[in-house]
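# Examining the three-dimensional arrangement
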Amino acid sequence: MSQESDEVDRIVGAWVRQRPDLDFSPLEVLSRVDRLSRHLDRARKEAFRRSELEPWEWDVLSALRRAGEPFQLSPKQLLQQTLVSSGTMTNRIDRLVGRRLVRREADPADGRSVLVTLTPDGRTRVDAAITRLVDAEAILLDSLSRSDRERLASLLRKLSLGFDA
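Here is a short report on the structure shown in this document.

Conventions we followed
Residues numbered from 1 in each chain as written. Predicted model: local features only at pLDDT ≥ 70, side-chain atom pairs only at ≥ 80, totals over all residues. Heavy atoms only, no water. Axes fitted to C-alpha atoms, helices over the stretch in contact; angles between N-to-C directions. Helix = DSSP H or I, 4+ residues; strand = E, 2+ residues; numbered from the N terminus. Parallel < 35°, antiparallel > 145°, perpendicular 65-115°, else oblique. Left-handed = near helix turned anticlockwise from the far one by under 90°. Contact = heavy atoms within 4.5 Å. Nonpolar A, V, L, I, M, F, W, Y, C, P; charged D, E, K, R; others polar. Pairing = 2+ DSSP bridges. Salt bridge = Lys/Arg side-chain N within 4 Å of Asp/Glu carboxyl O. Buried < 20%, exposed > 50% of the residue type's maximum accessible area, 1.4 Å probe, protein only.

## Structural notes on the packing of helix H3 (residues 55–66) against helix H4 (residues 75–82)
Contact geometry of H3 with H4 gives a least axis separation of 10 Å together with a crossing angle of 115°. It follows that H3 is roughly perpendicular to H4 by the angle criterion. Judged by the twist between their axes, the crossing of H3 over H4 is right-handed. Of H4, the residues touching H3 (which contributes Asp-59, Val-60, Ala-63, Leu-64 and Arg-66) are Leu-78, Gln-81 and Thr-82. When grouped by side-chain class, the residues that make up the contact of H3 with H4 number 4 nonpolar, 2 polar and 2 charged.

## Points about the packing of H4 against helix H5 (residues 86–98)
Between H4 and H5, whose axes approach to 10 Å, the crossing angle comes to 110°. If you check the angle between H4 and H5, you find them roughly perpendicular. Between H4 and H5 the crossing geometry is right-handed. Between H4 and H5, the residues in contact are Pro-75, Leu-78, Leu-79 and Thr-82 and Ser-86, Met-89 and Ile-93, respectively. Partitioning the contact of H4 with H5 into residue classes produces 5 nonpolar, 2 polar and no charged.

## As for the side chain of Ser-74
Relative to the elements of secondary structure, Ser-74 occurs in the loop between strand E1 (72–73) and H4. Among all residues touching Ser-74, those that are not within four sequence positions of it are Val-114 and Leu-115.

## As for the pairing of strand E3 (residues 110–118)
Sheet topology note: the E1/E3 ladder contains 2 bridges and is antiparallel. Residue Gln-72 lies in a different strand from E3, and its bridge partner there is Thr-117. Taking the residues that link successive antiparallel strands as the turn, the strand E2 (residues 102–107)-E3 hairpin has 2 residues.

## Things to note about the pattern of salt bridges
Under the defined criterion, the tally for this structure stands at 18 salt bridges. Between Arg-65 and Asp-127 there is a salt bridge, with the nearest N and O atoms lying 2.7 Å from each other. With Arg-65 in helix H3 and Asp-127 in helix H6 (residues 120–140), the pair connects residues that are 62 residues apart, well separated along the chain. A salt bridge links Asp-94 to Arg-104; the shortest N-O distance between them is 2.5 Å. Of this pair, Asp-94 sits in helix H5 while Arg-104 is found in strand E2, placing the two residues 10 residues apart along the sequence. Here Asp-94 falls in the partly exposed class, since its relative accessible area comes to 39%.

## Concerning the sheet that holds E2
A sheet is described by the order of its strands in space; here 3 strands give the open sequence E1-E3-E2, paired in antiparallel fashion. Each having just a single partner strand, E1 and E2 make up the two edges of the open sheet. Where E2 lies against E3, 6 bridges are found, and the strand directions are antiparallel. Within the sheet, the bridge partner assigned to Arg-104 lies in E3 and is Val-116. Against the sheet, H3 makes contact with E1, E2 and E3, and its axis sits at roughly 100° relative to E3, the strand it touches most. Along the sheet, H5 contacts E2 and E3; its crossing angle with E2, the most-contacted strand, is approximately 115°.

So this is what it looks like as structure tokens:
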């Protein structure tokens, strides 16, 4: 079974000729991951743009949407899910409140705390964005069978867990 060559094959081949003393197998994997990441980034930006969302807005709104009814999290919970600083999160919440995509509400369990709640418009936009995103990502994976996708997801999970530990 012959395999088509891609740009990474050409780059690695050139390096092998120049530096036959090195093992270039990491480049064969991670250069492809990097290139695929760029395609994915473009597809995501386009899906968010079509829903009139910035990627950072998507991060916050999708965390709230995934929380389920009543689509509400504390700022601390949002920090944990989006991995940004407290000041950055405060700024993001302020901007999303200004766009009427979220609102701040007093926490009924603790009057000194607030909860961030997804508004109906925020929910509409995040739902449209996730629909566009999964459609765009399915196109990116179109050349893989279901079993290939599952095998690739499993291998990437294994690799990812090593970094997340």
